[in-house]
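Here is how the chains run, residue by residue.
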Amino acid sequence: MAEFAYEPEPEPEARLAPGESAREISGRSPWRIAGRRLVRDRIALAALALFLLIVVVSFLAPVYANRIAHTDPFDSHISATTTVDGKEVDVIQQGGGELGLGEVPIGPTWQANYFLGADNQGRDVAARVLYGGRASLAIGIGSAVICCLIALVLALLAGFFRGWLDATLSRVMDLIWAFPVYLLAISIATVLLTTPEGINFGFVQIEASSLWVPTLIIALVYIPYVFRPVRGQVLSVREKGYVDASISQGASNLRLMFAEILPNVISTVIVMLPLMIATTVLTESALSFLSIGVQPPQASWGTVIEDGQGLLYTRPWVAIAPGIMIVLTVLSLNVLGDGVRDALDPRAKVRVKE
Amino acid sequence: MLAFIIRRFAGLVVVLFSITVIVFLLFFATPGIDPSARLAGRNPSPETVAAVKHEFGLDRPLPVRYGLMMKRLFISRDLVSYGNQALKVVPAITSAAPVTFSLVLGAAVLWVVMSIAMGLLAVTFKGTVVDPLLMIVALIGISMPVFWLGEVLNLITQDRLHDTFLFSWVPPLGYTPFTENPWQWFLHLIIPWITLSVLYIGFYARVLRANLLDIQNEDYVRTARAKGLPPRRVLLKHMLRNSMITFVSLFGLDFGFLVGGGALLTEVVFGLPGVGRLTFQALQQLDLPVIMATVIYGAFFISIMSALVDIVYARLDPRIRPS
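Residues numbered from 1 in each chain as written. Chains lettered and ligands numbered in written order. Predicted model: local features only at pLDDT ≥ 70, side-chain atom pairs only at ≥ 80, totals over all residues. Heavy atoms only, no water.

## Side note on the overall build of chain B
- Assigned secondary structure in chain B consists of 13 helices and zero strands.
- Counted from the first residue to the last, chain B has its helices and strands arranged as α-α-α-α-α-α-α-α-α-α-α-α-α.
- If you line up chain B on its principal axes, its C-alpha atoms span 80 × 65 × 40 Å.
- The buried share of chain B, reckoned over its 323 residues, is 51%. (Helix = DSSP H or I, 4+ residues; strand = E, 2+ residues; numbered from the N terminus. Buried < 20%, exposed > 50% of the residue type's maximum accessible area, 1.4 Å probe, protein only.)

This is how it looks when you write it as structure tokens:
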């Protein structure tokens, strides 16, 4: 459900951000100017701080589980008990439902153990949300970075060599583009999940339950969204005088691509990266919600929401808590992305949506 | 213009053909396992596997297999699901499509009206607190996973506040066809429409606002102001109309994307028996014929929509018509 497009200005020349004087940017490198603008953008900095906070807290999940909650969030604790207000209670309560029927996991205790309650296997939801964040963020950041790197290299090759290479790559990208993102991811994931022994590339072996599977799938489906605008930029940068100058000095193709053209198109990719991570985090949660992303017993925000679906009316926190984490993460990345865009290229238009 | 249309459709045919080839190769020629076992679903019996092998001619060369598969999809239309032998795949999709269409159509009306209103309000009140407030709301809308929003709305309207005057009108989850009872159709779809449109309202409002701010210093806008037109007329007749070019092309693509299967998550959360939920149920069974057919349906729909958008766009804006 994601669409992602970035329209860089055709001739990125120095422009003044609102409230900036010409003296502040004259004679400074573009990166210095962008850095200064970003540091002055309080809202973007706050968003960055929030995002980093979520990352740090999520990666401290084992500390929380071992030291604070004293629980193993990957094992079922159906017959376990916990202490609430000095009383010992069952984690899975019999007949706790509204009709006095069935089993209901314990609700939020707002204490160290089972802070947000348990899921229907008696696992600590708070600990699972933190572990889930670790997986979601690793997949989100990992796939966005892999996607941008592959797209960047392909765009450099296509835009630099043009001809049949460009034609082939562009047609392949058009084809990937023609698939609805989720449906393409679903097809690839089903094929991989029905391949019990995993994928064997000969040199690396990836198991079907590995986090690499959703990471690579998500990276693949978004490549055209980065490839297209970057290729366009490479095509125009290639015609610049400084590239001609370098050619006349006998520079090699590699040098032209990576030393002359790359530095002039990399800002496009940098602007896209935060928005890309926001998109991939949302995509990961959707795939995991559909049970084709992160595989059990591992957790991600999407799988915890899926666990909470059956408990929605009795124990709503199981589904609500991971959703709030996703909203905060994606929101902070979107705000940060706006800030980075304004800092690097005050007038370009970026759009991203899930 | 005619040459452009013909060229665009020739390109479309190539894309559609490539889509079927890719999907076919993905499901039938990925190295690693036997496609008959994959087609037969989870834990198939040996008889099923043998039957599948025979039916799809898996002992024949790859191009023949491709031809057989396409014949069953498009000509004889008798591809069956292996999880449920009674389910014919193609009729299942055609009967699910109206549900998806109802969902997307209503949401589209909602998101067009709301996003234009928000975009115009934000530009009109630029410099006051209204503009950033609206944009924060839009940003939050973009940042919510749609399935989570749907669950939270379900929690509120189906359970927590269902017995209050606010939401007692909300019917239980499910779908009533329009032809059966238009009023029930409408009631059942209100909450799903809202859920699906939130993201697009936020997104389109942001795009529209940025676009309006971009063109506010164009010559024709200044001319319109200079000749003394009232600001509202300048905004609606000159600026908004021009922004609509981008808006329309975005809309066409998003609409095609959602009808083509992108509304999957909303359908699943609200139990609407559309194409997306068909895919989801097939996913639970790993029922490959159904998944293959819905993926091809979705990609076809999107490709056709995007060809149409290109043609409409070329009609609206002669500058982009390639000579």
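Okay, back to it.
## Notes on the interface of chain B and chain A
- Contact residues are listed per partner, giving 58 residues for chain B and 48 residues for chain A.
- Surface buried jointly by chain B and chain A totals about 4600 Å² across both partners, of which 74% is contributed by carbon and sulfur atoms.
- Sorting the residues of chain B by area buried against chain A places B:Phe147, B:Trp148 and B:Glu151 first, and these three jointly supply 13% of that buried surface.
- Taken together, chain B and chain A are joined by one salt bridge.
- When the shortest N-O distance is used, the salt bridge between B:Arg206 and A:Asp338 registers 3.2 Å.
- For the side of chain B that touches chain A, the elements supplying multiple residues, two or more each, are α1 (2–28), α6 (130–143), α7 (146–160), α8 (182–215), α10 (231–262), α11 (264–270), α12 (275–285) and α13 (288–316) of chain B. (Contact = heavy atoms within 4.5 Å. Buried area = accessible area lost by both parts, 1.4 Å probe. Salt bridge = Lys/Arg side-chain N within 4 Å of Asp/Glu carboxyl O.)

## Observations concerning the confidence of the model for chain A
Residues and elements named next belong to chain A.
- On average, residues of chain A carry a pLDDT of 83, and 86% of them reach 70 or more.
- Within chain A, the element-level pLDDT minimum falls on strand β8 (residues 349–353), averaging 43, and the maximum on helix α5 (residues 125–161), averaging 94.
- The model gives residues 349–354 a pLDDT under 50, and that stretch makes 36 contacts with residues more than four places away or in other chains. (pLDDT = per-residue confidence, 0-100.)

## Let's talk about the environment of B:Val113
- When you line up the elements, B:Val113 lands in helix α5 (residues 89–124).
- Linking B:Val113 and B:Leu26, residues 87 residues apart in sequence, is a C-alpha distance of 40 Å.

## Some words on a positive patch on the surface
Residue and element names in this part refer to chain B.
- Residues Lys227, Arg233, Lys237 and Arg241 make up a contiguous surface patch of positive charge.
- As for its placement among the helices and strands, lysine 227 is situated in the loop between α9 (219–226) and α10.
- Since its relative accessible area comes to 59%, lysine 227 is described here as exposed. (Patch = residues over 30% accessible without salt bridge, like charges linked within 9 Å, V, L, I, M, F, W, Y side chains within 5 Å. Areas by Shrake-Rupley, 256 points an atom, 1.4 Å probe, with all protein chains shown as cover. Lys, Arg positive; Asp, Glu negative; His and termini not counted. Charge placed at Lys NZ, Arg CZ, Asp CG, Glu CD.)

## Re the pairing of strand β3 (residues 87–90) of chain A
Residue and element names in this part refer to chain A.
- Sheet topology note: the strand β2 (residues 81–84)/β3 ladder contains four bridges and is antiparallel. By the bridge assignment for β3, threonine 82 is matched with valine 89.
- Linking two consecutive strands that pair antiparallel, namely β2 and β3, is a turn of two residues; a positive phi of about 50° is found at aspartate 85 within it. (Pairing = 2+ DSSP bridges.)

## Here we look at empty space enclosed by the protein
Residues and elements named next belong to chain B.
- Within this structure, the stated rule accounts for five cavities of 30 Å³ or more.
- In this structure, the largest cavity encloses a volume near 90 Å³.
- In terms of lining residues, the largest cavity is bounded by 14 residues, among which Gln158, Pro171, Leu173, His188 and Pro192 are the most central.
- Counting residues per element, the lining of the largest cavity draws most heavily on α8, which supplies four residues.
- When grouped by side-chain class, the residues that make up the lining of the largest cavity number nine nonpolar, five polar and no charged. (1 Å grid on protein atoms, 1.4 Å probe; cavity = no way out; pocket = protein on both sides within 12 Å on 5 of 7 lines; lining within 4 Å. Points joined across faces, edges and corners; volume = space filled by probe spheres on them. Nonpolar A, V, L, I, M, F, W, Y, C, P; charged D, E, K, R; others polar.)

## Structural notes on the packing of α7(B) against α8(B)
All names here are of chain B.
- The interhelical angle for the contact between α7 and α8, taken along N-to-C directions, is 145°, at an axis separation of 9 Å. Crossing of α7 over α8 shows right-handed handedness. Where α7 approaches α8, its residues Val146, Leu149, Gly150, Leu153 and Thr157 are matched on the opposing element by Ile191, Thr195, Leu196 and Val198. (Axes fitted to C-alpha atoms, helices over the stretch in contact; angles between N-to-C directions. Left-handed = near helix turned anticlockwise from the far one by under 90°.)

## Notes on the pattern of salt bridges
- Under the defined criterion, the tally for this structure stands at 16 salt bridges over all chains.
- With its nearest N and O atoms 2.8 Å apart, the salt bridge here joins B:Arg209 to B:Asp131. Residue B:Arg209 is located in helix α8, and its partner B:Asp131 is located in helix α6; the two are separated by 78 residues in the primary sequence.
- Counted as one network, the salt bridges with shared partners bring together A:Asp119, A:Arg123, A:Arg128 and A:Asp307.

## So, helix α11 (residues 301–309) of chain A
- Buried residues of α11(A): A:Trp301, A:Gly302, A:Thr303, A:Val304, A:Ile305 and A:Gly308, and no others.
- Its buried side turned inward, α11(A) meets α3 (42–59), α5, α10 (253–289) and α12 (317–344) of chain A together with α7 of chain B.

## Describing the environment of A:Ser236
- When you line up the elements, A:Ser236 lands in helix α8 (residues 212–237).
- Along the chain, A:Ser236 and A:Ile25 lie 211 residues apart, while their C-alpha atoms are 25 Å from each other.

## Some points on the state of the cysteines
- All chains considered together, the criterion is met by zero disulfides over all chains.
- Unpaired in terms of disulfides, A:Cys147 finds its nearest cysteine sulfur in A:Cys148, a separation of 5.2 Å. (Disulfide = S-S within 2.5 Å.)

## Topic: the confidence of the model for chain B
- For chain B, per-residue confidence averages 85 on the pLDDT scale, and residues scoring 70 or more make up 92% of the total.
- Reported confidences for the modelled complex are a pTM of 0.88 and an ipTM of 0.87.

## Let's talk about the nonpolar core
- Counting 183 residues, the largest nonpolar core has A:Leu290, B:Ile19, B:Leu265 and B:Met292 as its most contacted members.
- If you look at the next biggest cluster of nonpolar residues, it comprises six residues, including A:Val91, A:Ile92, A:Tyr114 and A:Ala118. (Core = buried A, V, L, I, M, F, W, Y, C linked by side-chain atoms within 4.5 Å.)

## Details of the side chain of A:Ser332
- If you trace the backbone, A:Ser332 turns up in helix α12.
- Once you skip the residues sitting within four places of it in the chain, A:Ser332 turns out to touch A:Ala47, A:Leu50 and A:Phe51.

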